[in-house]
Structures are given as structure tokens and as C-alpha cells.
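Here's the letter readout for the chains.
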Amino acid sequence: MTSASRPTDQARARRTLRREVPSTAAVLADERDFAAMRRYRTFPFDDHRSYLQEMEALLSTLASEGVLTTLSLFDPAAYEDYCADLALDPDRPDSRTRYTAEVACTGATLPYAGEPLKQLLPLLVEEADRQANWERASALLARAGTCEDCGEDLAHAAFARATHVLRQLLEALGEGTHHLVCSIPAGEPSLLAILHATSSDGGRLQLSEATTLVFCTVLATGLALRTPGGIVSRTTAEGTTAGTHDTVRGWSLRDSWPCPLTAAEVFTAYCTDAETGEPIPPEHGVDYAPGLTLTPPTEEHRHR
């Protein structure tokens, strides 16, 4: 090897090594978070749109070089707390770098694969909301304690019961694509979990393990705390196009079990604005049907 060729070989090796070192980026997803960061003198951007364009250009460059980048959300309030806890100056770039590395390890993330940020950011916000609901529900379940009569762990029992509910619910709904929403009024805002499941010929289910875990954890919280709560399902029948003919059903939690709503109750719940109480016009091609009866396990401690 000649001395003239060595720098070229070293540069090639360095580029190869760079592709094997992953990158992380935390993005300010909305105008309010961006405005909060502008109070720092070292934050170099004045316009949120330009900031997103520069971020997307950077991500695209890293992707073109073969660098895997993990994308997370930059939360200014959490960043301020992080700096206060570690006695860091929040108006320093290296403090922002440390926080970005931290949230990439502990927060909601998505891999960047060249998608436009306007397409990826809503998914990242959705993932962050899902993780926040799971963490809140898990914390509430952890405080459920044990049964005073038999000493059974109430959180474990509630989660097993929630899993039984979901399994039976999907079996009762049958074939089709199901959109399930579980809402539990436990603090502000209410706990919310969304699950998409598809049941094809032969009853084979397709659903995400991560979203199933969140759904069962949120539902278990409602069962353990004996809160009112509820579940709504929206099913698109097998062989139809989404939105052409859907069936909506509902259940309310009573005595730690989902009890079916009548068709009229489902219609009222689905066609009423939750914030204003004003009626919402029913959707075309949607049937509002009664909830299906679900049977509780026969041998189980009810924790009254």
C-alpha cells in the first residue's frame, strides 16, 4: 500500500464505519413546542416550517449515506425538567443533544426510512400518545394492591380478565376488520387505547402485539378500579371497502365487566359531541347495532 493511497482507504473505511453507527433525532412536531424553544438564544431557527425542511433534509442525507436514524419527539417542558434534574444549562446545544439521546432510549420512537415528515410526524405523535397511556395505566395498576380477602394481586387478575374480554370480544365480532376503542375516565385526560384487528377466513387474527398490550392494560385499569369506562367497536365486513358498510357496537363497564349497550345507546354515544353535547349527524353506510353479550369467566375471584 502506498502512502498516496492510504488516506483514500482510510476515508472509505471511515464512511463504512459511519454507516454502522446509528443516529438519533428529536423533532419539534408542532408550532407551540417550536415557539417554546425559541426563548433559548442558541436555538438557531426562527420559523417552524423552515426548521422542518432543514430537519427533513438532514434525515434524507443520513438515509442516503446508509445511516439508520431513530426519530423521537422533542418535548420542551420535559427538556426543561431534564436539565433542571441534571443541573444542565438548557440554552446549550450539548444539553439538547443529551436530552435527544435520552428520549431515544426511553420515549416513543420510529425509524426513519425516507418518508416525508408530514407523513411520519402524525404516526410519531400517535405512538407517543399510546406510550403515555400505557405508562399511566401501568402506574395506576401497580397501585391496585392485593385482595384483602385472599391476597391475590389485583393488577394481575385484572389484566388476565381484560385479556379474556378482548379474546371473547374479537371472537364475537367474527370476520372483518375491527377498530376497537377503550376509554377509561381515570384522571385528565381519560385513558384511551385503540386497537386494529383483522379476522380472516378460519378465524385467524392479525393484530399488533404492542397495541394489544396497551389495550389490555388500559382495560385492566378500568376493571381493577371499577370505573364506568367503555368500549366501542367499528367493524368493516369481510370483502367490503372500508367505509362502505360498517357496524358500530358498544359496551359500558359495570361491575368490572363490559355490558352491551342497546342500539339506541350506541347511536346516542356515537352521534353526540363529547365536548359540547351537541348531536352529530350519523354517517352514511354505518349501522348502529347493540353490543354483543360477553360471558365472564366462571371460576374467578371478583374482588368485591
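Only a predicted model underlies this, so the values are computations on that prediction, with no experimental measurement involved. (Residues numbered from 1 in each chain as written. Predicted model: local features only at pLDDT ≥ 70, side-chain atom pairs only at ≥ 80, totals over all residues. Heavy atoms only, no water.)

Caption draft 1: Up close: the overall build of the protein. A tally of helices and strands in the protein yields nine helices and 10 strands. Of the contacts made within the protein by residues no fewer than 6 positions apart, 63% connect residues no fewer than 24 positions apart. Of the roughly 17300 Å² that the protein leaves accessible, carbon and sulfur atoms contribute 54%. (Helix = DSSP H or I, 4+ residues; strand = E, 2+ residues; numbered from the N terminus. Contact = heavy atoms within 4.5 Å. Areas by Shrake-Rupley, 256 points an atom, 1.4 Å probe, with all protein chains shown as cover.)

Caption draft 2: How the structure looks around the packing of aromatic side chains. The tally for this structure, following the rule as stated, stands at 12 aromatic pairs. Arranged with centres 5.5 Å apart and planes meeting at 70°, the rings of Phe34 and Phe43 form a pair that is edge-to-face. Consider the rings of Phe74 and Tyr79, whose centres lie 5.1 Å apart with planes at 55°: the pair is tilted. Comparing Phe74 with Tyr79 shows no difference in burial state: the two are buried. One aromatic cluster in this structure is built from Tyr40, Phe74, Tyr79, Tyr82 and Tyr99. (Phe/Tyr/Trp six-rings, centres within 6.5 Å; stacked < 30°, edge-to-face > 60°. Buried < 20%, exposed > 50% of the residue type's maximum accessible area, 1.4 Å probe, protein only.)

Caption draft 3: The arrangement of the pattern of salt bridges in detail. Counted under the stated rule, the structure contains eight salt bridges. In this structure, the salt-bridge partner of Asp246 is Arg234, at a minimum N-O distance of 2.8 Å. Of this pair, Asp246 sits in strand β8 (residues 246–254) while Arg234 sits in strand β7 (residues 230–236); the two residues are 12 residues apart in sequence, bridging distant segments of the chain. With a relative accessible area of 16%, Arg234 lands in the buried category. Between Glu283 and Arg234 there is a salt bridge whose closest N-O contact spans 2.8 Å. In this pair, Glu283 is assigned in the loop between α9 (263–270) and β10 (286–288) and Arg234 in strand β7, connecting sequence segments 49 residues apart. Glu283 sits in the partly exposed class, given a relative accessible area of 38%. When salt bridges that share partners are traced, they join Glu126, Glu127 and Arg130 into one network. (Salt bridge = Lys/Arg side-chain N within 4 Å of Asp/Glu carboxyl O.)

Caption draft 4: Region of the structure containing the nonpolar core. Residues Leu180, Phe215, Val218, Leu219 and Ile231 are the most contacted members of the largest nonpolar core, which totals 30 residues. Here this core takes eight residues from helix α7 (residues 154–173), the largest share from any one element. In this view, Leu180 contacts Leu166, Leu169, Leu170, Leu173, Ala193, Ile194, Leu195, Phe215, Val232 and Ser233; residues no more than four positions away in its chain are not counted. Grouped together as the second largest cluster of nonpolar side chains are 26 residues, Ala26, Phe34, Tyr51 and Tyr99 included. (Core = buried A, V, L, I, M, F, W, Y, C linked by side-chain atoms within 4.5 Å.)

Caption draft 5: Molecular detail of the environment of Tyr112. Counting through the fold element by element, Tyr112 comes out in strand β3 (residues 109–112). Judged by relative accessible area, which is 6%, Tyr112 ranks as buried. Measuring from C-alpha to C-alpha, the distance between Tyr112 and Thr69 comes to 5.6 Å, with 43 residues separating the pair along the chain. Separated by 3.3 Å, the side chains of Tyr112 and Ser60 make a polar contact. (Polar contact = N/O pair within 3.5 Å; in protein donor to acceptor, adjacent residues only side chain to side chain.)

Caption draft 6: Spatial organisation of the packing of helix α4 (residues 76–85) against helix α5 (residues 93–106). Running from amino to carboxyl end, α4 crosses α5 at an angle of 110°, the nearest separation of the two axes being 10 Å. Comparing the axis directions of α4 and α5 gives the class roughly perpendicular. When α4 is examined against α5, the residues Ala78, Tyr79, Tyr82 and Cys83 are found in contact with a partner set consisting of Ser95, Arg96, Arg98, Tyr99 and Glu102. When its residues are assigned to classes, the contact of α4 with α5 shows five nonpolar, one polar and three charged. (Axes fitted to C-alpha atoms, helices over the stretch in contact; angles between N-to-C directions. Parallel < 35°, antiparallel > 145°, perpendicular 65-115°, else oblique. Nonpolar A, V, L, I, M, F, W, Y, C, P; charged D, E, K, R; others polar.)

Caption draft 7: Fine view of the packing of helix α6 (residues 117–142) against helix α8 (residues 209–225). Running from amino to carboxyl end, α6 crosses α8 at an angle of 35°, the nearest separation of the two axes being 9 Å. Remark: the crossing between α6 and α8 carries left-handed chirality. Residues Arg130, Asn133, Trp134, Ala137, Ser138, Leu140 and Leu141 of α6 pack against Thr211, Leu213, Val214, Thr217, Val218, Ala220, Thr221, Ala224 and Leu225 of α8. Counted by class, the contact of α6 with α8 contains 10 nonpolar, five polar and one charged residues. (Left-handed = near helix turned anticlockwise from the far one by under 90°.)

Caption draft 8: Highlighting α8. With 17 residues, α8 should reach 24 Å at 1.5 Å per residue; the first-to-last C-alpha distance of 24 Å fits that figure. Within α8, 12 of the 17 residues are buried, leaving the element largely enclosed by the surrounding structure. Buried residues of α8: Thr211, Thr212, Val214, Phe215, Cys216, Thr217, Val218, Leu219, Ala220, Thr221, Gly222 and Leu223, and no others. Its side-chain oxygen placed 3.3 Å from the backbone nitrogen of Ala210, Ser208 serves as the N-cap of α8. (Expected span 1.5 Å × (residues − 1).)

Caption draft 9: Highlighting the side chain of Ser252. When you line up the elements, Ser252 lands in strand β8. Classification of Ser252 as buried rests on a relative accessible area of 15%. Contact partners of Ser252, with chain neighbours within four places excluded, come to Pro228, Gly229, Gly230, Trp257, Pro258, Cys259 and Leu261.

Treat this as a map of the structure, not an account of what it does.
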